[in-house]
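Take a look at the letters that make up each chain.
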Amino acid sequence: MKKILVVVDIQNDFVDGALGSAEALAIVDNAANKIKNFGGDIFVTYATHFENYMETLEGKKLPVPHCIKGTKGWELNPKIAEALGDKEYKAVEKLTFGSVELPSLIKESIGDEKAEITLIGLCTDICVVSNALLLKANLLDAEIFVDSACCAGVTVQTHNAALDTMRCCQINII
């Protein structure tokens, strides 16, 4: 059984930067411990925007510049970077909420094996749910898990709503 961990967007801007929150800050230690103790393949997504962010459709709907490539806000939270320090992982830059590239990268990693894929990260109600559903749609025989203790949403209510949505789609919430 191939084990995969997907670390979704635990970047400075989502933890304590432009779109940070107390809830996001509160999950960092849990997420770092999960990474340190994980034995398997790791994929790390980066929300990636550019200087023209405010001109994009997302920027018009969420007018808060964040995760601009090359800035401190785009970088991983230091505790997450430290946890990943001696581990091999595949970095995946994504220009929108879900990575259309991630399912094929994971398919390549697992080959013909059965797989358990666990997602952790930010934000539960935007990028975590988007990536979980893309993985579920593309990897029919993989068991998909989301560790709720290692995720935070924009609000507690939307975090819980996203967990409920994922449960309805046969994603295992732990």
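Our subject is the structure listed above.
Residues numbered from 1 in each chain as written. Predicted model: local features only at pLDDT ≥ 70, side-chain atom pairs only at ≥ 80, totals over all residues. Heavy atoms only, no water.

### Some thoughts on the overall build of the protein
What counts is decided by this rule: Secondary structure elements are defined from DSSP: runs of H or I of at least 4 residues count as helices, runs of E of at least 2 residues count as strands, and each element is numbered from the N terminus. Atoms counted for the radius of gyration: C-alpha only. Globule rule: 2.2 Å times residue count to the power 0.38. Each residue is assigned to one of three classes by its accessible area relative to the maximum for its type, calculated with a 1.4 Å probe on protein chains only: buried under 20%, partly exposed between the two thresholds, exposed over 50%. Reported accessibility uses the Shrake-Rupley method at a 1.4 Å probe radius. Residues are deemed covered only where the shown protein chains occlude them.
Tallying secondary structure elements over the protein gives seven helices and six strands in all. Helices and strands appear in the protein in the N-to-C order β-α-α-β-α-α-β-α-β-α-β-α-β. Computed over C-alpha atoms, the radius of gyration of the protein comes to 15 Å, within 12% of the 16 Å expected from 2.2 N^0.38 for 174 residues, which places it in the range of a compact globule. With the C-alpha coordinates aligned to their principal axes, the bounding extent of the protein is approximately 40 × 35 × 25 Å. Evaluated residue by residue, the protein yields a buried proportion of 48% over its 174 residues. When the accessible surface of the protein is totalled, it reaches about 8500 Å², and 53% of it is carbon and sulfur.

### Quick word on the pairing of strand S5 (residues 143-152)
Here is the key point about a regular strand: its side chains alternate between the two faces of the sheet. Note the threshold: The handedness of a crossover follows from its direction of travel: if, with the strands pointing away from the viewer, the path from the first strand over the helix to the second runs clockwise, the crossover is right-handed.
Burial within S5 is extensive, with seven of its ten residues counted as buried. Crossover strand S4 (residues 115-122) to S5 through helix H6 (residues 124-138) is right-handed. Where the polypeptide runs from S5 across helix H7 (residues 156-168) and back to strand S6 (residues 172-173), its parallel neighbour, the crossover connection is right-handed.

### Side note on the side chain of His49
Where we set the bar: Polar contact is the term for a pair of N or O atoms within 3.5 Å; when the atoms are in protein, one must be able to donate a hydrogen and the other to accept it, and sequence-neighboring residues count only if both atoms are side-chain atoms.
Along the chain, His49 falls in the loop between strand S2 (41-47) and helix H3 (57-61). Side chain to side chain, His49 and Glu58 meet in a polar contact 3.4 Å long. Polar side-chain contacts of His49 include one of 3.3 Å to the side chain of His66.

### Digging into the nonpolar core
Threshold: Take the buried residues of types Ala, Val, Leu, Ile, Met, Phe, Trp, Tyr and Cys, join any two whose side-chain atoms come within 4.5 Å, and each joined set is a nonpolar core. Contacts were defined at the residue level, with two residues in contact if any of their heavy atoms lie within 4.5 Å.
If you look at the biggest cluster of nonpolar residues, it comprises 27 residues, and the most contacted ones within it are Val7, Ile35, Ile42, Ile80 and Leu122. Contributing elements (two or more residues each) for this core: strand S1 (2-8), helix H1 (12-15), helix H2 (22-36), S2, helix H4 (78-84), S4 and S5. The contacts of Leu122, once residues within four sequence positions are left out, are Val8, Asp9, Ile10, Phe14, Val15, Ala24, Ile27, Cys127, Val128 and Ala152. Phe43, Leu119, Leu135 and Ala142 belong to the second-largest nonpolar core, a separate cluster that totals 26 residues.

### Considering the packing of helix H5 (residues 102-110) against H6
The line we're drawing: Here an axis means a line fitted to C-alpha atoms, over the contact stretch when the element is a helix, while the angle between two N-to-C directions is reported on a 0 to 180 degree scale. Here is the rule for angles: anything less than 35 degrees is roughly parallel, anything more than 145 is roughly antiparallel, 65 through 115 is roughly perpendicular, and the remaining ranges are oblique. Note on convention: the crossing is left-handed when the near helix lies turned anticlockwise from the far helix by less than a right angle, right-handed when the turn is clockwise.
Running from N to C, H5 and H6 point in directions that differ by 55°, and their axes come no closer than 9 Å. Overall, the two elements H5 and H6 adopt an arrangement that is oblique. In this structure, the crossing between H5 and H6 has a hand that is right-handed. Residues Leu102, Pro103, Ile106 and Lys107 of H5 pack against Asn131, Leu134, Leu135 and Asn138 of H6.

### Quick look at unusual backbone geometry
Here the residue pair Leu122 and Cys123 is connected by a cis peptide bond, since its omega of -20° sits within 30 degrees of zero. Note that Cys123 resides in the loop between S4 and H6. The backbone of Asp9 shows a phi angle near 50°, a positive value even though the residue is not glycine. The residue Asp9 is located in the loop between S1 and H1 in this model. In this structure, Gln170 is a non-glycine residue whose phi angle is positive, near 65°. Structurally, the position occupied by Gln170 is in the loop between H7 and S6.

The quantities given are spatial measurements derived from coordinates; they are silent on function.
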